[in-house]
Amino acid sequence: MTVPLRIILAGLGVRGTYWADVITRSPRAEIAAFADPNPQAIERAAARFGDRPAFDTPEAALQNVAADALLLANPPTGRETQILQAAERGLPLLVEKPLALDMAEAARLVAIAESAQVPLMVGL
């Protein structure tokens, strides 16, 4: 039996909820933690997808939960720190679009992932 991939899911809006549904239906993955600043979003996600550790920020989740990947479905502001922390831990990243607020920031984010040799994928 394969151990499921443990994914921190940051952002519980429309796209994050979509990804939570995909992850929870897969026998090969599980949500390791939720990260969202909105307590009501965390409560809705826990009721729908099961209780998980929950944090205000992806950074807090990364510091407190063992994970195999980070999925960012949150707004792009502050992603550089989030991607840097995940890359430092060697975690692959799936980032919902937009990756960044401008091309210079996008180039920095790609460079961070390349330097750490971790996959960085931009979602739907």
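Structural data are supplied above this passage.
1. Quick notes on the packing of aromatic side chains
Next, step 1: For the coordinates displayed, the defined rule picks out 1 aromatic pair.
Next, step 2: Between the aromatic rings of Tyr 18 and Trp 19, the centroid separation amounts to 5.1 Å while the plane-to-plane angle is 75 degrees, which identifies the pairing as edge-to-face.
Next, step 3: For Tyr 18, a relative accessible area of 37% puts it in the partly exposed group.
Next, step 4: Given the relative accessible area of 14%, Trp 19 is considered buried.
Next, step 5: When the ring centre of Tyr 18 is taken as reference, the NZ or CZ atom of Arg 15 above it lies at 4.5 Å.

2. Looking at the nonpolar core
Next, step 1: Ile 8, Leu 70, Ile 83, Leu 93 and Leu 99 are the most contacted members of the largest nonpolar core, which totals 25 residues.
Next, step 2: For this core, the secondary structure elements donating two or more residues are strand E1 (5-10), strand E2 (29-35), helix H3 (58-64), strand E4 (69-72), helix H4 (79-88), strand E5 (93-95) and helix H5 (103-116).
Next, step 3: Not counting residues within four places of it along the chain, the set of residues in contact with Ile 8 comprises Ala 32, Ala 33, Ala 61, Leu 62, Val 65, Ala 67, Ala 69, Leu 70 and Leu 71.
Next, step 4: Judged by nonpolar contacts, the second largest core, of 17 residues, contains Ile 7, Leu 12, Ile 42 and Ala 69.

3. Some thoughts on unusual backbone geometry
Next, step 1: With an omega dihedral of 0 degrees, the bond running from Lys 97 to Pro 98 counts as a cis peptide bond.
Next, step 2: Tracing the sequence through the fold places Pro 98 in the loop between E5 and H5.

So, how was this worked out
Here, residues in each chain are numbered from 1, in the same order as that chain's written sequence. The predicted origin of the model limits local features to residues at a pLDDT of at least 70 and limits the giving and counting of side-chain atom pairs to 80 or more, whereas totals for whole chains, interfaces and linings rest on all residues. Only hydrogens and water are set aside when side-chain values are computed; all heavy atoms of the structure are taken into account. A pair of aromatic rings is counted whenever rings of Phe, Tyr or Trp (Trp by its six-membered ring) have centres within 6.5 Å, and the orientation is called stacked for planes under 30 degrees apart, edge-to-face for over 60 and tilted otherwise. The rule is simple: take the accessible area with a 1.4 Å probe, protein chains only, and divide by the maximum for that residue type; under 20% is buried, over 50% is exposed, in between is partly exposed. Only when the NZ atom of a Lys or the CZ atom of an Arg is both within 6 Å of the ring centre and within 35 degrees of the ring normal do we say a charge sits over the ring. What we call a nonpolar core is a set of buried Ala, Val, Leu, Ile, Met, Phe, Trp, Tyr and Cys residues that are connected through their side-chain atoms within 4.5 Å. Where helices and strands are cited, they refer to DSSP runs of H or I of at least four residues and of E of at least two residues respectively, numbered from the N terminus. Throughout, a contact is declared for two residues whenever any of their heavy atoms are within 4.5 Å.

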